[in-house]
Amino acid sequence: MIATAHRLIVCFFFVSVTSLIYISTTVRASEPPSPPAYGVRMEQTWIPMMDGVRLAATLYMPDGANPKDKFPALLEYLPYRKDDGTAAGDFPKHAYFARRGYVSVRVDIRGFGASEGAPPEREYSEQEQRDGEQVIAWLGHQRWSNGNVGMFGISWGGFTALQMAMRHAPGLKAILAVDATAELFHDDVHYIDGIAHIDEFELNMDMAEGWTGAPDYTLDEKVLGPRFDTPPWSLLYLKHQHDGPFWRDRVRPLKEITIPSFLIGGLLDGYRDNVTDMLIQASGPVKAIVGPWNHTFPNDAVPGPQIEWRNQAVRWFDHWLKGRDTGVEHDPRLVIYMQHWHPPDPTLENVPGEWRQEDSWPPKDARALTFFLQPNHSLAETAAQRDTHQLKYVPSIGVEAGFWWGELLSDVRPVDAFSLVYDSAPLAEDFAVLGRPQALLRASATAPLADWFARLSDVAPDGRVTQITGAGINGAQRYSMSEPKDLEPGKVYPLDIEMHLTSWVFPKGHRIRVAISNALWPMMLPTPYSMTTSLELGGGGGSRIVLPVVPEQGISPPAFSPPEPSEERTDVKTEGFPWPGEWTVERDEARHTTTVHWKGKEGSQYPWGTEADYENLTYEADDAHPETSSVRGEAETVFALKNRTLTWRGHLLVTTDQTNFYYKYTRELLKDGTMIKSKTWQETIARDHQ
């Protein structure tokens, strides 16, 4: 299974018998973290649910333990197929914990992998969460258990850890969530910033729902049928185009999290805002690390610098699950990487900068500095003269600004060329920001629906532009994401766009740039009306940006250890292309159309055969007809087994006009090249302020 862009990165980890003790600058831990005192033994088992369905689990056991020894359990719970899809990446992290005295447990949710049952109707379903509570209870009552359970995971696994903590699952004593959020509508991959988004995740998961489990990949209709016939999740999400009970009923307020929570985030990850939200809102102890990373574990991060995180996890869980005084309660609440300027470069290996610690959030020495958008397209601290700037909506702009808010980019001047741009004077000294910049706009549109995007960038003296952060707002959601309302054409509205978490040091002589646009495609699907939008400047309430300014030099935390060398499974190998894969842009100047092609592939070897995954997406937009856009996706996974070849395929097509989305998805299964199963879902879905 191809590693999903926003949900799953299959990583390889490195383990050694040593680890660096992370200590406070003022209090030394009284006990070191648990050493690697055990071997590793993998056990396959079933965990029974109350309705008779059994979930498949792999237990990574501390081998060589005294039969009377009791251990905490560490649970990773997600659908990404422990016996094939994540097998290579699971072993190094679970084995690391098992060697240090934990029963580390990997469980597939029902209907995926070797677990029984049909897939739930959606992500984070009530069924999935009830099952999760039963898994935690089962783990806490095993003969080897000391009664304490922790959860950890990246992306889906992190989401689930947060949700189980919100539900106060008995026995769950602490969590570690990497690249995860509780904001399912605003932050997750279906509606980024409340605006419709389609990417590789939908393509992958809609096909994976129809698979059976390794190594048999049974074609028994009792197992295959309920999976293959499960409706694609992307269809369900497209029917829920604004916030509300569908999204909110899956989660509870962050203040409901009362158990200790260790968060790891990345400044290039789409879920990074949850870290600071948790620091402010969670009721239990929170410890956080945020690096300059994308959606990945820190020891395999690109760009770097890479750090080891598993030794930090052991310190954390030792304290809360084993009762060892490892000093974690004296750690900084937040250690974050302060990024320094670098040229726009999608192949950058390491982001320049340094780590700093913050013991409160917002930082106690932060101050809000307001820059007003000026009539001459400059930024200044003084209020502007009154003026109106107009912008012709171009639906196809934004390719250079990325597939979501995060990945390293090339120079964004091509998208700036179709935006309203405002630059500061060259800075007289270095200038540092840390937090979430806020664009406060006064805007209008000549159409009943428009999106606005605000981006913050660094302009070097030679003209190169490095995008730092940004965010968007669906104009219909200006007052409420759950109760969108049409814009009144020509009416001026206040818009509050809180950009995504960032850190940055602007060097002396550089300029601060704010760019405003109405499209950021293909990250967001275009709105369907030709229009002109306007920004109102002038006075203290005119369009402006507020930057969270901090002193350039902060408190330096203790050093992290680099990634540790390690053992890996020798019977499973995976190789693939990292996100964002390969993509190209084609522009037809005569027809005013633009096409973006994306593709990725991955290959895996298992004891029972090989797996080859291929995916591609094609996005099309028409500047002359904004109502006409499309996303076409193709996915194929081929399992070459000892006595047969099985091929699963998925075909996704979403097209639009001014009033509707037209959705079509086909799932197929071939045996030795012959089609044996096929099902298509096709619906017309009214656009609901998207």
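Here the structure is a predicted model, which is why all the values come from computation and not from measurement.

Draft legend 1. Quick look at the overall build of the protein chain. Across its full length, the protein chain carries 10 helices and 33 strands. Against the 2.2 N^0.38 benchmark of 26 Å for 690 residues, the protein chain shows a C-alpha radius of gyration of 25 Å, consistent with a compact globule. The C-alpha extent of the protein chain, read off along each of the three principal axes, is 80 × 65 × 40 Å. Taken across its 690 residues, the protein chain has 63% of its residues classed as buried. Long-range contacts, defined as pairs at least 24 residues apart, comprise 76% of the intrachain contacts of the protein chain with a sequence gap of at least 6.

Draft legend 2. Just the side chain of Asp179, in detail. Assignment of secondary structure puts Asp179 in the loop between strand S6 (172-178) and strand S7 (191-192). We note that Asp179 is buried and unpaired, the nearest opposite charge coming from Arg272 at a distance of 9.1 Å. There is a polar contact of 3.0 Å between the side chain of Asp179 and the backbone nitrogen of Thr296. Dropping the residues within four chain positions of it, Asp179 is found in contact with Ile154, Ser155, Phe159, Ile264, Gly265, Gly266, Asp269, Tyr271, Asn294, His295 and Thr296.

Draft legend 3. Quick peek at the packing of aromatic side chains. By the definition in use, this model includes 34 aromatic pairs. Relative to Trp648, the ring of Trp211 lies with its centre 6.2 Å away and its plane at 50°, an arrangement referred to as tilted. One end of the pair, Trp211, is in the loop between helix H4 (200-208) and helix H5 (221-228); the other, Trp648, is in strand S31 (residues 645-656), and 437 residues separate them in sequence. As far as the burial class goes, Trp211 and Trp648 line up, both buried. Taken together, the aromatic side chains of Tyr80, Phe112, Tyr124, Trp156, Phe159, Trp233, Tyr271 and Trp404 make up a single cluster linked through ring pairs. Its end group placed over the ring of Tyr96, Arg100 keeps NZ or CZ at 3.7 Å from the ring centre. In this structure, Lys287 packs its charged tip against the face of Phe262, placed 5.1 Å from the ring centre.

Draft legend 4. Fine view of unusual backbone geometry. Cis geometry is adopted by the peptide bond preceding Pro303, which originates at Val302 and carries an omega value of 5°. On the secondary structure map, Pro303 appears in the loop between strand S10 (286-291) and helix H9 (310-322). Despite not being glycine, His592 shows a phi value in the positive range, around 60°. His592 sits in the partly exposed class, given a relative accessible area of 44%.

Draft legend 5. View of the packing of helix H2 (residues 126-140) against helix H3 (residues 156-166). Where H2 meets H3, the axes come as close as 11 Å, and the angle between the chain directions of the two elements is 75°. Here H2 is positioned roughly perpendicular relative to H3, judged by the angle of their axes. Across from Glu128, Gln129, Gly132, Glu133 and Ile136 in H2, the residues of H3 making contact are Trp156, Thr160, Gln163 and Met164. Among the residues forming the contact of H2 with H3, the class breakdown is 3 nonpolar, 4 polar and 2 charged.

Draft legend 6. Layout of the environment of Thr218. Along the polypeptide, Thr218 turns up in the loop between H4 and H5. Taking C-alpha positions, Thr218 is 37 Å from Ala174, a pair spaced 44 residues apart along the chain. Residues in contact with Thr218, not counting those within four places in the same chain, are Thr212, Gly213, Val223, Leu224 and Arg644. Among the polar contacts listed, one links the side chain of Thr218 to the backbone nitrogen of Asp220, at a separation of 3.0 Å.

Draft legend 7. Layout of the pairing of strand S5 (residues 145-154). Across the 10 residues of S5, 8 count as buried, placing the element largely inside the fold. Pairing of strand S3 (residues 71-78) with S5 involves 4 bridges; the strand directions are parallel. Among the inter-strand pairings, Ala73 is bridged to a residue of S5, identified as Val149. Two strands pair when backbone bridges link them, and S5 and S6 are joined in this way by 6 bridges, in the parallel orientation. Residue Phe152 lies in a different strand from S6, and its bridge partner there is Leu176. Between S5 and its parallel partner S6, the chain crosses via H3, and the hand of that crossover is right-handed.

Draft legend 8. Summary view of the sheet that holds strand S4 (residues 103-108). Taking strand neighbours across the sheet as the criterion, the 10 strands line up as S1-S2-S4-S3-S5-S6-S9-S10-S11-S12 in an open arrangement whose pairing is mixed. The open sheet terminates on both sides in strands that have one partner only, identified here as strand S1 (39-48) and strand S12 (353-358). Adjacent strand axes in the sheet meet at a mean angle of 20°, parallel and antiparallel pairs treated alike. In this sheet, S4 lies alongside strand S2 (residues 54-63) in antiparallel orientation, the contact comprising 4 bridges. Directly across from Thr58, in S4, lies its bridge partner Arg106.

Draft legend 9. Highlighting the pattern of salt bridges. Tallied over the full model, the rule gives 40 salt bridges. For Asp243, the salt bridge goes to Arg248, with nearest N and O atoms at 2.7 Å. Overall, the relative accessible area of 34% leaves Arg248 in the partly exposed class. Among the charged side chains, a salt-bridge network with shared partners connects Glu126, Arg130, Glu133, Arg167 and Arg250.

Draft legend 10. Structural context of the sheet that holds strand S19 (residues 451-459). Sheet architecture is open: 4 strands sit in the order S16-S23-S19-S20, paired in antiparallel fashion. Two strands in the sheet have a free side with no partner beyond their single neighbour: strand S16 (420-423) and strand S20 (465-474). The sheet shows a mean angle of 15° between the axes of neighbouring strands, direction not considered. Note that S16 and strand S23 (residues 511-517) share 4 bridges and pair antiparallel. Counterpart to Asp423 in the pairing with S23 is Arg513.

Draft legend 11. Representation of H2. With 15 residues, H2 extends 21 Å between its outermost C-alpha atoms, agreeing within 8% with the 21 Å of an ideal straight helix rising 1.5 Å per residue. Along H2, the residues that are buried comprise Glu128, Gln129, Asp131, Gly132, Gln134, Val135, Ile136, Trp138, Leu139 and Gly140.

Draft legend 12. Here's a closer look at the nonpolar core. In this structure, Phe431, Trp452 and Trp648 are the most contacted members of the largest nonpolar core, which totals 167 residues. In terms of residue count, the dominant contributor to this core is H3 (7 residues). Among the nonpolar cores identified, the runner-up in size contains 31 residues, and Trp293, Phe297, Trp309 and Phe317 belong to it.

Draft legend 13. How the structure looks around the packing of helix H1 (residues 87-99) against H9. At a closest axis distance of 11 Å, the pairing of H1 and H9 adopts a crossing angle of 40°. For the element pair H1 / H9, the angle class is oblique. Here H1 and H9 pass one another in a crossing that is right-handed. Between H1 and H9, the residues in contact are Pro92, Lys93, Tyr96 and Phe97 and Arg310, Asn311, Ala313 and Val314, respectively. Here the residues of the contact of H1 with H9 are counted per class, giving 5 nonpolar, 1 polar and 2 charged.

Draft legend 14. Just the environment of Ile685, in detail. Residue placement: Ile685 occurs in strand S33 (residues 674-686). Assessed through its relative accessible area of 7%, Ile685 is described here as buried. Put simply, Ile685 and Leu547 are 138 residues apart on the chain and 40 Å apart in space, counted from C-alpha to C-alpha. When neighbours within four sequence positions are excluded, Ile685 is seen to be in contact with Leu235, Leu238, Lys239, Gln241, Thr659, Asn660, Phe661 and Tyr663.

Draft legend 15. Fine view of the environment of Ala425. Looking at the secondary structure, you find Ala425 in the loop between S16 and strand S17 (431-435). Counting along the chain gives 365 residues from Ala425 to Tyr60, while the straight-line C-alpha distance between them is 58 Å. Excluding residues within four positions of it along the chain, Ala425 makes contact with Leu379, His510 and Arg511.

What counts, and at which threshold
- Residues numbered from 1 in each chain as written.
- Predicted model: local features only at pLDDT ≥ 70, side-chain atom pairs only at ≥ 80, totals over all residues.
- Heavy atoms only, no water.
- Helix = DSSP H or I, 4+ residues; strand = E, 2+ residues; numbered from the N terminus.
- Rg over C-alpha atoms; globule rule 2.2 N^0.38 Å.
- Buried < 20%, exposed > 50% of the residue type's maximum accessible area, 1.4 Å probe, protein only.
- Contact = heavy atoms within 4.5 Å.
- Lys, Arg positive; Asp, Glu negative; His and termini not counted.
- Salt bridge = Lys/Arg side-chain N within 4 Å of Asp/Glu carboxyl O.
- Polar contact = N/O pair within 3.5 Å; in protein donor to acceptor, adjacent residues only side chain to side chain.
- Phe/Tyr/Trp six-rings, centres within 6.5 Å; stacked < 30°, edge-to-face > 60°.
- Lys NZ or Arg CZ within 6 Å of the ring centre and 35° of its normal.
- Axes fitted to C-alpha atoms, helices over the stretch in contact; angles between N-to-C directions.
- Parallel < 35°, antiparallel > 145°, perpendicular 65-115°, else oblique.
- Nonpolar A, V, L, I, M, F, W, Y, C, P; charged D, E, K, R; others polar.
- Pairing = 2+ DSSP bridges.
- Right-handed = clockwise from strand over helix to strand, strands pointing away.
- Expected span 1.5 Å × (residues − 1).
- Core = buried A, V, L, I, M, F, W, Y, C linked by side-chain atoms within 4.5 Å.
- Left-handed = near helix turned anticlockwise from the far one by under 90°.

Any functional reading would require information beyond the geometric quantities listed.
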